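Overview (structure and organization)
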Amino acid sequence: MDFAAPPNFQVHWSIVPIEEAGGLASPGCRLLAIWPAPVNRDACFAEAGFTLFGDNDEAWDRAAEEVLARVIAALSRFGAARLLSKPLREKPPWYLRAFRAGRELSLQQQASWPMQWDSLPPFHARFGNGGAALRTGNGHFLLWVNLPESEPAPSEFVGTVAESWNVVETRLRWNALLPDV
């Protein structure tokens, strides 16, 4: 980590019970929810039962993006990422559009932007052929991870992703936060 995260930065996670997972769970996988906290005041998180709110700053944003990068790296060990959602493209300025098409965003940007702007379509990528996947969206910095049941243990996966940050297992009422699938 080459920057200072806020001193109260934490990585929260939970296994989402299959009966609450809706269409998010892949066969043979456990669905994990992973999110950095404190989160900005949010009605959906409050309705789900989350209580650790705060005003986040640039340091929090950088740390949260680092969590996302680590999740993508950890999932990449299951195989190459295959984007299943519609790719987001960066649009060139209006005066260049006749000469240049917009470029497709990086995988990290594809995953991050729908968490920042709920007007964007959700992100969904699969890693390899064993069911490992990542979804994001709905304007919440919340990572929905399909982790194959065979390995690793969910707590081990999150510990690897969190590295030196505090890890907190937190159960919520997921129906308030589940994205549309």
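One can find the structure itself at the top, above this paragraph.
Residues numbered from 1 in each chain as written. Predicted model: local features only at pLDDT ≥ 70, side-chain atom pairs only at ≥ 80, totals over all residues. Heavy atoms only, no water.

This part is about helix H2 (residues 58–76). The terminal C-alpha atoms of H2, which comprises 19 residues, lie 27 Å apart, in line with the 27 Å expected from a rise of 1.5 Å per residue. You can read the cap of H2 off the contacts: a side-chain oxygen lies 3.2 Å from the backbone nitrogen of Ala-59, and it is on Asp-57. (Helix = DSSP H or I, 4+ residues; strand = E, 2+ residues; numbered from the N terminus. Expected span 1.5 Å × (residues − 1). Polar contact = N/O pair within 3.5 Å; in protein donor to acceptor, adjacent residues only side chain to side chain.)

Membership of the largest hydrophobic core comes to 30 residues, with the highest contact counts inside it found for Ile-34, Val-71, Leu-134, Leu-143, Val-145 and Phe-157. Listing elements by their share of this core, those giving two or more residues are strand E1 (10–16), strand E2 (29–37), H2, helix H3 (107–116), strand E6 (123–127), strand E8 (140–148) and helix H4 (154–162). Broken down by element, this core gets its largest block of residues, nine residues, from H2. In contact with Leu-134, other than residues within four places in its own chain, are Leu-68, Val-71, Ile-72, Leu-75, Ala-111, Phe-123, His-124, Ala-125, Phe-127, Leu-143, Trp-144 and Val-145. Of all hydrophobic cores here, the second largest spans 18 residues; its members include Ala-21, Leu-31, Ala-48 and Phe-50. (Core = buried A, V, L, I, M, F, W, Y, C linked by side-chain atoms within 4.5 Å. Buried < 20%, exposed > 50% of the residue type's maximum accessible area, 1.4 Å probe, protein only. Contact = heavy atoms within 4.5 Å.)

Turning to H4, a few remarks are in order. Every buried residue of H4 is accounted for by Pro-154, Phe-157, Val-158, Val-161 and Ala-162. Projected onto a plane normal to the axis of H4, the buried residues spread over an arc of 125 degrees and lie on a single side. Facing away from the buried side of H4 by more than 90 degrees, the exposed set consists of Glu-156 and Thr-160. Count one or two residues on from H4 and you reach Glu-163, which has phi positive near 50 degrees. (Arc of directions from axis to C-beta.)

Between H2 and H3, whose axes approach to 10 Å, the crossing angle comes to 130 degrees. With respect to H3, the element H2 is oriented oblique. Handedness of the H2/H3 crossing: right-handed. Here H2 contributes Glu-65, Leu-68, Ala-69 and Ile-72 to the contact with H3, which in turn contributes Leu-107, Gln-108, Ala-111, Ser-112, Met-115 and Gln-116. Here the residues of the contact of H2 with H3 are counted per class, giving six nonpolar, three polar and one charged. (Axes fitted to C-alpha atoms, helices over the stretch in contact; angles between N-to-C directions. Parallel < 35°, antiparallel > 145°, perpendicular 65-115°, else oblique. Left-handed = near helix turned anticlockwise from the far one by under 90°. Nonpolar A, V, L, I, M, F, W, Y, C, P; charged D, E, K, R; others polar.)

The omega torsion across Ala-37 and Pro-38 is 5 degrees, close enough to zero to call that bond cis. You can see Pro-38 is positioned in the loop between E2 and helix H1 (43–48). Positive phi outside glycine occurs at Asn-138, with the angle close to 65 degrees. Tracing the sequence through the fold places Asn-138 in the loop between strand E7 (133–137) and E8.

This model, assessed by the stated rule, comprises nine aromatic pairs. Ring centres of Phe-50 and Phe-53 lie 6.0 Å apart, and the angle between their planes is 85 degrees; on these two criteria the pair is classed as edge-to-face. Take Phe-50 and Phe-53: they sit in the same class, and that class is buried. The rings of Trp-35, Phe-45, Phe-50, Phe-53, Trp-144 and Trp-174 are connected pair by pair, giving a single aromatic cluster. Here the guanidinium or amino end of Arg-77 rests over the ring plane of Phe-78, the centre of that ring lying 4.8 Å away. (Phe/Tyr/Trp six-rings, centres within 6.5 Å; stacked < 30°, edge-to-face > 60°. Lys NZ or Arg CZ within 6 Å of the ring centre and 35° of its normal.)

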